[in-house]
Amino acid sequence: AFLREVSTAEPEVARARALAAGLDEWGTNNLLAYLAEQREATGAVPDDRTVVVERFRDQLGDWRVCVLTPFGARVHAPWALAATARLHERLGVDVQAIHSDDGFALRLPDVDHPPPVEELILDPDEATELVTAALGPSALFAARFRENAARALLLPRRRPGERTPLWKQRQRSHDLLQVAARHPSFPIIVETHRECLADVFDMNALTGLLRDLRSRRARVVTVDSERASPFAASLVFDWVAEFMYEGDQPLAERRAQALSLDRELLAELLGTEELRELLDPAAVSQVELELQGLAQTRPVRGPDDTHDLLRRLGDLSAAEAAGRGAGPDWLAALEAERRAVAVRIAGETRWIAAEDAGRYRDALGVALPTGLAGAHVEGGADPLGDLLRRHARTHVPFAAAEPARRWGLGVPAVEAALRRLAQTDGLLCGAFLAAGGSSEWCHPEVLRSLRRRSLAALRRQVEPVPVETLAAFLPAWQAVGTGRAGLEQLLEVAGALQGAVVPASTLERDVLSARVRDYQPRLLDELISLGELVWVGRGPLGSGDGRVALYRRDDAARLVPEPADPPDGRLHALLREELGRRGASFFHDLHRACGGGDPEELTDALWDMVWAGEVTNDSAAPLRLLGPRPRRGNPGRRPLMRLAPPRAQGRWSLVAGLREPAASPTERLHALSSTLLARHGVLTREAVLAEGAPGGFAGLYPVLRAMEEAGRVRRGYFVDGLGASQFALPGAVDRLRGVREEAGGTVVLAATDPASAYGATVPWPALAGRAARAAGAYVVLDSGRLRLYLERGGRSLLTSGEPGPGALAALASLGARLGRLELLTVDGEPVHGSALEPALREAGFGPSPRGMVLWGAPARRLPVGA
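What comes next concerns the included structure. Worth saying up front: this structure is predicted, and the values here are computed from it rather than measured. (Residues numbered from 1 in each chain as written. Predicted model: local features only at pLDDT ≥ 70, side-chain atom pairs only at ≥ 80, totals over all residues. Heavy atoms only, no water.)

1. Some words on the sheet that holds strand β27 (residues 852-855)
Argument step 1. Judged by pairing direction, the sheet is antiparallel, and its three strands sit side by side in the order β23-β27-β26 without closing on themselves. For this open sheet the edge positions go to β23 (820-823) and β26 (846-847), each flanked by a neighbour on one side alone.
Argument step 2. In the packing of helix α34 (residues 805-818) onto the sheet, contacts are made with β23 and β27, and the angle to β23 comes to roughly 130 degrees. (Pairing = 2+ DSSP bridges. Helix = DSSP H or I, 4+ residues; strand = E, 2+ residues; numbered from the N terminus. Contact = heavy atoms within 4.5 Å. Axes fitted to C-alpha atoms, helices over the stretch in contact; angles between N-to-C directions.)

Set out below in structure tokens:
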């Protein structure tokens, strides 16, 4: 987190932060220079939310893959082990790996291309299985087996008074390992697996990181470089120390063989049945209240109920009894009848039932008053065991220190009594609570109740979420407002938006700027000129705007559709022929080749082909001249001479070249399905129809079903009220359900933004006017619920429900971004005198001759050719 904060802050802020952290001036300069070099080399710095995968060739031409994260060797060691085994299985080469606290590095000899990043990002549900399978043949397992075998006295010494050389211990350990490998449940083998997985590795942290990567809470940045970056160089430097003397490794470490493992026994030893992650904390709290009589399901009504309470729960102070509804008068009545007595326990006066007096005297040494019946002062065979047994029945899992502290006993004595109860009464010992210690105790009936309650809570979690949750999930899934900047973020955003049709006038102003912090038009132009991105027209919108879609150039052959209704005029045919012959051409070359004439007429013909999806440009500058005239960019100082109309600048080329080599229908459907899943996370029939996918949901269904059978996606009923057949990425399902439990924030989106579900996947709520996904319209969402709809032009505002201060503040921020926002009507009525007028004034709106206006900073102009 510190790296993320320092590497993304302004230089002055970063310097102040580093100095405040304790670095001196020299240390601060070194740190900032080091981070700047890393960012220059890879475009990103590994931090708590970013994993950098760097690929390059070494001096001999072998591929090196460095996975850079700050999560420590206990996470990197199992990750590297599983990744090495998977790559060896997939590529058939001997993959070597090293790890440290800063990441892990792989060496892949004799391969032409580096492995895809997907091969390194393990499935969190399979990570433990992969690591367990790869652990047996590892040197770590052999070394730990030798230590455990020596500790268990399985490597005896002939001469106890003399020291045994270490190399002889290794040989004897290797021989023992060869024999023990034939017996999967051999205790030392199972213990070695447990030690590696639980003590050496941090599997919980690894699976948590993999889940964050899958659900996009953390991101992966992939970089192909000529040489190692500063972070990767530090990691690769350790390669020399690791492999220079590889031949000196002990025999057992070099010849460890794969082992057959008793997985059920290992699960018992590892505590995968410990239920740390299964037991729901809310269910634990509710069961504790019920067991302790604090849930008020059955109120205490008199002395008899108070007596039953003392017999069921044991000793209670007067305050504890009052908290359960037992008044002091009832306790005094029981004392007068000799059915309850007050005793001193651990320095505090507490009430106990008379029947328990002998147990408390013999177990805790408390002094009893006189006058009790003889049967009540008999302690029994195991008085402390009786008290602990009742404590276990009336408490959720607890540590031995808890009853010891309550009764003023030593923890060892309590632990010894609990172990006896575990042998005779089946009391369970393990790790049950998420915030508990290493060893807790629980009664079987209590554990069964906790399991039932937790299972019911899990079933409630897998219930379909309301559509408002989906509307809140989409902006977060599509990185709206994440605060990341730069070319890498824009390329990642464009990859998620591939094929999404948006008005050209809103592409940069609303869609891209909402996902890329400090967005500048030059970023999109740079990616297009570098050959990373391409834009394609997808139909006109009136006379001054049109729909466009972005594509990554390496995916364009499978995603760019065929032209829709191509124009067939004379100029169109000439342009088509000339662009096919010359390739990418400037306007004046096209103008000369088409015989001259009116440049505007040729420009209109060119844009006819653009909207049909036949022609594109190597710059986004022509798109910035579209849309309503007040929102177009300021052209600034006009040049002395202009050879081409502003709408025709840049180089024009045919889109047909992007669709080569031609992809098969199956490849196109698979690419389209993968893109829609990546964009929506949870893909429904309504989302596919809103995207205008060829063939609709029925056309994609066979591909989605095959992806489900391959384990790539999940099928279920995730969102209530939408189609019954829904497909989702595993990480998206977890994040969607997490959004339901969280208190969502307020977000303002363009109505045409792919992250806005209303009017596409989710129907519009009841409004006082007509809402549509129109260019220039905006929606304000509060926890996924539509609160405000600003019609195109910003003159009319529609409300749904009670818009709170957050929604109006978001509307005010939109006005500040646009430069000026004047409202004339609210829900069809004049804004003056409306119920929303006072709230608008508080949000910053002021009166105007016709309505209410908010002035912000001057809108940022997008200069022509920027």
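There's more to say after this.
2. Considerations on helix α27 (residues 570-582)
Argument step 1. In a regular helix each residue adds 1.5 Å, so 13 residues correspond to 18 Å; α27 covers 18 Å between its end C-alpha atoms and thus fits that length.
Argument step 2. By the burial criterion, the buried members of α27 are L571, H572, L575, E578 and L579. Angular distribution of buried residues about the axis of α27 spans 135 degrees; they occupy a single face of the element. Opposite the buried face of α27, by more than 90 degrees, sit the exposed residues R570, E577, G580 and R581.
Argument step 3. Contacts from the buried residues of α27 go to β13 (585-586), α28 (587-593), α29 (599-611), β14 (615-617) and β15 (651-654). (Expected span 1.5 Å × (residues − 1). Buried < 20%, exposed > 50% of the residue type's maximum accessible area, 1.4 Å probe, protein only. Arc of directions from axis to C-beta.)

3. Details of the nonpolar core
Argument step 1. Judged by nonpolar contacts, the single largest core of 41 residues is most densely connected at W79, L106, L108, L120, F145 and F201.
Argument step 2. Per-element accounting of this core gives the leading share, seven residues, to helix α4 (residues 73-91).
Argument step 3. Setting aside residues up to four positions removed in sequence, L108 forms contacts with D62, W63, V65, L87, L91, V95 and P115.
Argument step 4. One finds V493, L497, W611 and W652 within the second-largest nonpolar core, a separate group that totals 39 residues. (Core = buried A, V, L, I, M, F, W, Y, C linked by side-chain atoms within 4.5 Å.)

4. Some thoughts on the sheet that holds strand β17 (residues 714-716)
Argument step 1. In spatial order, the strands read β16-β18-β17; together these three strands make up an open sheet with antiparallel pairing. Each edge of the open sheet is held by one strand with a lone partner, namely β16 (682-683) and β17.
Argument step 2. Strand contacts of helix α32 (residues 696-709): β16, β17 and β18 (726-728), with the helix running at about 50 degrees to β18, the strand carrying the most contacts.

5. Notes on the pattern of salt bridges
Argument step 1. Taken as a whole and assessed by the stated rule, the structure comprises 48 salt bridges.
Argument step 2. Measuring nitrogen to oxygen at the nearest pair gives 3.0 Å for the salt bridge that ties R406 to E320. Here E320 lies in helix α15 (residues 318-323) and R406 lies in helix α19 (residues 401-407), a separation of 86 residues in the sequence. (Salt bridge = Lys/Arg side-chain N within 4 Å of Asp/Glu carboxyl O.)

6. Re empty space enclosed by the protein
Argument step 1. Enumeration according to the criterion identifies three cavities of 30 Å³ or more in this entry.
Argument step 2. Empty space within the largest cavity amounts to approximately 40 Å³.
Argument step 3. Forming the walls of the largest cavity are L497, A500, V502, L507, V511 and L550.
Argument step 4. Along the lines of polarity and charge, the residues of the lining of the largest cavity split into six nonpolar, no polar and no charged.
Argument step 5. As a volume, the second largest cavity reaches approximately 40 Å³.
Argument step 6. As for the second largest cavity, its lining consists of R389, A392, L421, D425, L427, H443 and P444.
Argument step 7. When the residues that make up the lining of the second largest cavity are grouped by side-chain class, the tally is four nonpolar, one polar and two charged. (1 Å grid on protein atoms, 1.4 Å probe; cavity = no way out; pocket = protein on both sides within 12 Å on 5 of 7 lines; lining within 4 Å. Points joined across faces, edges and corners; volume = space filled by probe spheres on them. Nonpolar A, V, L, I, M, F, W, Y, C, P; charged D, E, K, R; others polar.)

7. Brief notes about the pairing of strand β20 (residues 778-782)
Argument step 1. The element β20 is largely enclosed, with a buried count of four among its five residues.
Argument step 2. Across five bridges, strand β19 (residues 746-750) lies against β20 in antiparallel orientation. Bridged to V748 within β20 is V780.
Argument step 3. Across five bridges, the pairing between β20 and strand β21 (residues 785-790) is antiparallel. Across the sheet, residue L781 finds its bridge partner in β21, namely L786.
Argument step 4. Where β20 folds back on β21, the antiparallel hairpin that results is connected by two residues, among which S783 adopts a positive phi of roughly 55 degrees.

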